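Chain residues, written in single-letter form:
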Amino acid sequence: MPKRHFKIQGEPLLYSCYDDVVFIYIQFIMEDYKFLFKVVLVGNAGVGKTCLVRRFTQGLFPPGQGATIGVDFMIKTVEIDGEKVKLQIWDTAGQERFRSITQSYYRSAHALILVYDISCQPTFDCLPDWLREIEEYASNKVLRILVGNKMDREDREIPMHVGEDFAQRHDMYFLETSAKEAENVEKLFMEIAAELMEQARSKELPRYDTNSPTINGRTTSIGDSNCCSKLS
Amino acid sequence: MISIKLNPQELGDSGGIQKVCEKIVAEEENVTKQLENLLSRQCHLEAKLRSVTKALPNLQIVKSDAQHLSEMIAHTSNLAENVSAKVRKLDDARSRVSECQQRVHDLLDLQLCSEGVKLALQEEDYEKGAAHVHRFLSMDQTLLRQTADDVQQDCTAVTNSFSLLHKAAELLQTEVTARFDEAVRADDLASVERFFKIFPLLGLQDQGLNKFSVFLCSKLQETAQKNLRAALETRSADKRASVLYADTLTLLFEGIARIIEIHQPLIESYYGPGRLLTVANALQEECDRQSKLILNEFRKHRQLDSALAQVADWLRSANSSSSSANTSGATTSQQSRTDPKNLDLLLGELTIMHARAEMYVRFIRRRVQNDVEVGVSAEVTRGLLMDKLETMLRASGLCHSMQALLGNYLQLEHYFMAESVRKAVALDQLEENLQIQQTSSMVDDVFFIVRKCIRRAISSSSLDGVCAVLNNACSLLEADYCSVLRAQLRHGYMSGYLDLTQAYNALQSSIQQGRLQASDSEKARLTFLAYLNNADVSTEYIATLRLSLGDEMAAALPGMTERDRAKLESCLSGLGGVTASLRALVEYGMSQLSASAIKPRVSPWVDAFLNVSHVLTEEEFSSYEANEPFVRNLVANLESLLSSFKSSLTPTNYDTLVSILATEVTHQMEKVIAKSSFNRLGGLVLDKEVRVLVGYLTNATSWSIRDKFARLTQIATVLNLERASEISDYWSNEPGAIAWRLTPAEVRHFMTLRTDFRSEDIKRIKL
């Protein structure tokens, strides 16, 4: 039986300050974890999104599997500072014809991992298109991470600093990984979990924020703090 | 056993001696009892001994019998072993004899075959010829040659037969192939099947299957093209015109299903099970070609691409406007956009197409799986074959086009939903009398649309499609719909005549805009309440929607894996996020309502408390008690306030209102009490007043709000004390005592309001 995730879906606390009202949601008492975050992986077909997810969730590197169809869904619970954090990982298909399926997942994402293949220039060249899409569909508060995958490959085409520069220009975290050698994969997801938790925690503290008069109804809405510091 | 130790010191006096003597007597009795006990068992034991002695000789007999038995068994087993060895030898001999017989048969048959083939070829009896060749092919040729050698020292006859038969086989192969091709050209189904059956006899299973598949594909192509032509010629007034291409596609799938249905038994009986995959593979290639043709026509005639281009434009402008303009619900009127209604039929056809393709793929998968399970015994090969099937299906042109089609559907559905909701909001209507209809028309409309879209997605039988539409629906409700509600609630509830500045401002703006109508502010107030109700009713609708969709999906998408279910559940829980937003909206609206309709009114009503002295003489007390002017007025005022809202608000909203009112009243009451002073009788009066007030408010709602009055009742209790020291009866840390909501300092402070309590007494109290 699929259980409901939340006993309470978010208790609104009301702070009124003249005309502006700020609602702050605290995601509350859940089954066995305190935080639930949605992480969505995007990027061209064949850059290794599914392998990254498999490596992290199952510790496997299954080579030669077919292209993902639509959207795949995995869950892993990790522990950060003694708190259980549930990561819902959405592994999207890279091919163009699945775009309207994958786009529908952007908005509710807490973190978006944009993946390219360091041994394949075209996957890097497409990054601006992906960013445009993210701008268009994702919440502007979403945590964005640029990942150069397949760092184990000898035939590198994109030097690390090029990826780093790109990430810096676009206000993203940056990391190079290898799903094959299990390099930086754990680190990638754990740091995302930690960062998201940090942001969620800072939101729990009541504060007046006259600059954001919109009512934000999202549960665990996170990340309007500027998150342009770097991972690692 | 006598266990008494004589202690010389104990024997020192007569008393001691006496004691020891008593002990000895007791011991003696004890020993006597034990002896009697032992003696009574004597005869029992003797009887047993006797029976044992009697049994002894019998044992001897048993032993000798057992030995005898064991010898017998050993003997028998020996015998059995001897017999079975002989049987084995016999069996060996027999099998050799039968092998020999087989060989002789083969040799005889060989002769027969070579003659029969000659005759059959002459008579063009291919079945018979093929049967002979088949018989020949089943023989072990080298062994036969050897046998012939051994028997006659001469194998020329056999070799001759061999070469003859080989030649005949080759001849038959070319002949049958030619005849088959001819039959295909002549479209002679009977001959096609006739020669199809001969291929396996000649050991040409693969060739036969391939040729047959090609034939089937050509038949398929023929009917598919005929169907497509018929579809293109169908008049637009036809009943099925709106789903014409879906129908054509369905016909294609049904055609393939029929082919498999008809020919599978044929293949299975002549080629054996486990061969369907080869045929399915070939048919799939043809299906890919034909479905592509149909879809191309579909795209062209339904102007799918121009619709998609329009939607893409719309999406771009919607996104740019939402990022530049603020979230005030009134969107700028866009230039000519497709009426979402026009897309309705197209969307329906798209989902039907997708559903049919899904069904077809499921059919193929099931058939091949059954076939493989019957025909292939090895688990590993079976798995490999199924993997091959999956890869074939995944890579098939049909699946790719269907994925693209689903993508197109989702784009159009997104537009349909968003635009329809926008229209519903634009056409929003409000019943003048909120007692009849507490919400405005858009709530029903919006949820009707959302449900319709999600249901349509379900009818596509694609889990990913359903999830995507659900996600889009959640975005739409949470962003667009909620912001429409919020924009209205932000105007606030104009209480008009009570708040003079507000009334004045409203009047001013009405005059400036040249539309001074008496009903304007009334209408704004009604709209505000209706939108408050909209938000509340929406949460209910979402709950029902979620429940009913969950069931419908389970029914429409059978065979979901655990992970699929979790995926769906996660997307469904997005609706929970919408509920949270709506709740926040209700809360926001309520705070607006409270700020303009509750707080300003309650405050003067409660302030009237200050006009009444609570330092009373007996006489004043009895006259006051008879009238209770303050609390009666207050209750009457609250009653009229609440009754003005009761029928205009949904029950939940009304209960929230009462709860807010209760909080406000207690808050104000505390303030005015703190400003007054009391004597014993005044305290008594206050206590009664508080009771009346609390009684009234708790009865006004179905919620339990008694807790909100805890502080106020406790204040009344403190002010209603007989003596200052009496407080210690109430203030206690023991379990079950009153849970005080007042701090000790507050208790002391309220006690000082009693004119008859001396401050030294209050100070002396321990809290």
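Conventions used here
- Residues numbered from 1 in each chain as written.
- Chains lettered and ligands numbered in written order.
- Predicted model: local features only at pLDDT ≥ 70, side-chain atom pairs only at ≥ 80, totals over all residues.
- Heavy atoms only, no water.
- UniProt positions renumbered as here; feature names shortened; annotations may be inferred.
- Helix = DSSP H or I, 4+ residues; strand = E, 2+ residues; numbered from the N terminus.
- Buried < 20%, exposed > 50% of the residue type's maximum accessible area, 1.4 Å probe, protein only.
- Contact = heavy atoms within 4.5 Å.
- Areas by Shrake-Rupley, 256 points an atom, 1.4 Å probe, with all protein chains shown as cover.
- Pairing = 2+ DSSP bridges.
- Domains from an automatic or database assignment.
- Core = buried A, V, L, I, M, F, W, Y, C linked by side-chain atoms within 4.5 Å.
- Axes fitted to C-alpha atoms, helices over the stretch in contact; angles between N-to-C directions.
- Parallel < 35°, antiparallel > 145°, perpendicular 65-115°, else oblique.
- Left-handed = near helix turned anticlockwise from the far one by under 90°.
- Nonpolar A, V, L, I, M, F, W, Y, C, P; charged D, E, K, R; others polar.
- Phe/Tyr/Trp six-rings, centres within 6.5 Å; stacked < 30°, edge-to-face > 60°.

Within an unreviewed UniProt entry, the label attached to chain B reads Conserved oligomeric Golgi complex subunit 4, and the organism entered is Frankliniella occidentalis. Database annotation for chain B, UniProt heading Function (unreviewed entry): "Required for normal Golgi function." As stated in UniProt under Sequence similarities (unreviewed entry), the record for chain B gives "Belongs to the COG4 family."

As recorded in an unreviewed UniProt entry, chain A goes by the name Ras-related protein Rab-30, listed as coming from Frankliniella occidentalis. According to the UniProt record, the Sequence similarities (unreviewed entry) comment for chain A reads "Belongs to the small GTPase superfamily. Rab family." As its UniProt record puts it under Cofactor (unreviewed entry), chain A is described as follows: "Mg(2+)".

Asks: Break down the overall build of chain B for me, citing the residues and quoting the values.
Replies: Each helix and strand in chain B was counted, giving 27 helices and zero strands. The 767 residues of chain B split such that 42% are buried. In chain B, 80% of the contacts between residues at least 6 apart in sequence involve partners at least 24 apart. Split by element, the accessible area of chain B, about 41,800 Å² in all, is 54% carbon and sulfur.

Asks: Please provide a residue-by-residue account of the pairing of strand S5 (residues 83-92) of chain A, values included.
Replies: Residue and element names in this part refer to chain A. Judged by how many residues are buried, S5 sits mostly within the fold: eight of 10 residues are covered. Direction of pairing for strand S3 (residues 35-42) relative to S5: parallel, over a ladder of seven bridges. Counted as the bridge partner of Leu36 is Lys86 from S5. With antiparallel pairing between neighbouring strands as the criterion, strand S4 (residues 71-80) and S5 make up a hairpin whose turn holds two residues, including Asp81 at a positive phi of roughly 50 degrees.

Asks: Describe the domain arrangement of chain B, naming the residues involved and giving the relevant values.
Replies: As assigned here, chain B comprises domain 1 (21-185) and domain 2 (612-764). One C-alpha centre belongs to domain 1 of chain B, the other to domain 2 of chain B; they are set 99 Å apart.

Asks: Please give an account of the pairing of strand S7 (residues 143-149) of chain A that cites residues and values.
Replies: Residues and elements named next belong to chain A. Along S7, seven of the seven residues are buried, which leaves the element largely enclosed by surrounding structure. Of the two faces of S7, the one lined by Leu143, Ile145, Val147 and Asn149 and the one lined by Arg144, Leu146 and Gly148 are each fully buried. As paired elements, strand S6 (residues 111-117) and S7 share seven bridges and run parallel to each other. Looking at S7, one finds that Asp117 is bridged to Asn149.

Asks: Tell me about the nonpolar core, and please be specific about residues and values.
Replies: In this structure, Ile364, Leu412, Leu593, Met669, Ile673, Leu693 and Met751 of chain B are the most contacted members of the largest nonpolar core, which totals 231 residues. Tallying contributions element by element places helix H15 (residues 463-490) of chain B first for this core, with 15 residues. For this core, the domains that each give at least three residues are domain 1 (21-185) and domain 2 (612-764) of chain B. For Met669 of chain B, the contacting residues outside a window of four places in its chain are Val606, Phe609, Phe630, Leu693 and Leu712 of chain B. In terms of nonpolar packing, the next biggest core, distinct from the first, is built from 32 residues, Phe37, Ile145, Leu175 and Leu188 of chain A among them.

Asks: Please give an account of the environment of Leu549 of chain B that cites residues and values.
Replies: Residues and elements named next belong to chain B. Looking at the secondary structure, you find Leu549 in helix H17 (residues 519-556). Judged by its relative accessible area of 0%, Leu549 falls in the buried class. Measuring from C-alpha to C-alpha, the distance between Leu549 and Leu347 comes to 19 Å, with 202 residues separating the pair along the chain. In this view, Leu549 contacts Ile454 and Ile458; residues no more than four positions away in its chain are not counted.

Asks: Can you explain unusual backbone geometry? Please cite residues and give values.
Replies: Even without being a glycine, Lys150 of chain A presents a positive backbone phi close to 70 degrees. Along the chain, Lys150 of chain A falls in the loop between S7 and helix H5 (160-169). Positive phi values are uncommon outside glycine, yet Ser461 of chain B reaches one of about 50 degrees. Mapped onto the secondary structure, Ser461 of chain B falls in the loop between helix H14 (441-458) and H15.

Asks: Got a sec to walk through the packing of helix H22 (residues 651-675) of chain B against helix H24 (residues 710-719) of chain B? Specific residues and values, please.
Replies: The description of two helices packed together rests on the angle between their axes and the distance between the axes. Residues and elements named next belong to chain B. Viewed as axis vectors pointing N to C, H22 and H24 meet at an angle of 25 degrees, and their least axial separation amounts to 10 Å. By the angle between their directions, the pair H22 and H24 is classed as roughly parallel. In terms of crossing hand, the pair formed by H22 and H24 is left-handed. Across the interface between the two elements, Thr666, Met669, Glu670 and Ile673 from H22 touch Arg711, Leu712, Ile715 and Leu719 from H24. Considered class by class, the residues forming the contact of H22 with H24 number five nonpolar, one polar and two charged.

Asks: Just give me the short version of the sheet that holds S4 of chain A, but keep the residues and values in it.
Replies: Taken together, six strands build an open sheet; the order of strands is S4-S5-S3-S6-S7-S8 (chain A) and the sheet is mixed. Only two strands of the sheet have a single partner each, and these edge strands are S4 and strand S8 (173-176) of chain A. In this sheet, neighbouring strand axes are inclined to one another by 25 degrees on average, regardless of whether the strands run parallel or antiparallel. Both S4 of chain A and S5 of chain A contribute to a ladder of 10 bridges, which runs antiparallel. Looking across to S5 of chain A, one finds that Asp72 of chain A is bridged to Asp91 of chain A. Contacts from H5 of chain A reach S6, S7 and S8 of chain A within the one sheet, and its direction differs from that of S8 of chain A by about 160 degrees. The sheet strands contacting helix H18 (residues 562-572) of chain B are S3, S4 and S5 of chain A, and the helix crosses S4 of chain A at an angle near 80 degrees.

Asks: Would you mind going over the packing of H22 of chain B against helix H23 (residues 680-699) of chain B in detail, with residue names and values included?
Replies: Residue and element names in this part refer to chain B. Relative orientation of the contacting elements H22 and H23 amounts to 170 degrees, with a least axis distance of 11 Å. With respect to their mutual orientation, H22 and H23 come out roughly antiparallel. Between H22 and H23, the residues in contact are Val658, Leu661, Ala662, Val665, Met669 and Ile673 and Leu686, Leu693 and Leu697, respectively. A per-class count over the contact of H22 with H23 returns nine nonpolar, no polar and no charged.

Asks: I'd love a proper account of the side chain of Arg456 of chain B, names of residues and values included.
Replies: Residues and elements named next belong to chain B. In this structure, Arg456 sits in helix H14. The class of Arg456 is buried, set by a relative accessible area of 9%. Discounting residues that sit within four places of it in the chain, Arg456 has contacts with Asp344, Leu347, Gly348, Thr351, Tyr409, Glu413 and Phe416.

Asks: Can you break down the environment of Val747 of chain B residue by residue, with the values?
Replies: All names here are of chain B. Position of Val747 relative to the elements: it lies in helix H26 (residues 744-752). With 32 residues separating them along the chain, Val747 and Ile715 place their C-alpha atoms 7.6 Å apart. Ignoring anything within four residues of it in the chain, the contact list for Val747 reads Val718, Ile727, Trp731, Trp740, Leu742 and Leu767.

Asks: Could you give me a rundown of the packing of aromatic side chains, with the residues and numbers involved?
Replies: Counted according to the given criterion, the structure contains 20 aromatic pairs over all chains. Considering the side-chain rings of Tyr106 of chain A and Tyr137 of chain A, the 6.2 Å spacing of their centres and the 75 degrees angle between planes classify their relative orientation as edge-to-face. Taken together, the residues span a long stretch of sequence, with Tyr106 of chain A in the loop between helix H2 (99-103) and S6 and Tyr137 of chain A in helix H4 (residues 127-137) at a distance of 31 residues. Accessibility classification places Tyr106 of chain A together with Tyr137 of chain A in one group, the buried group. With 6.4 Å between their ring centres and 45 degrees between their planes, Phe609 of chain B and Phe678 of chain B make a pair best called tilted. Pair noted here: Phe609 of chain B is in the loop between helix H19 (574-607) and helix H20 (618-627) and Phe678 of chain B is in the loop between H22 and H23, with a separation of 69 residues, a long-range link. The exposure classification of Phe609 of chain B matches that of Phe678 of chain B, with both residues buried. Grouped by ring-pair contacts, the aromatic residues Phe196, Phe212, Phe215 and Tyr271 of chain B constitute a single cluster.

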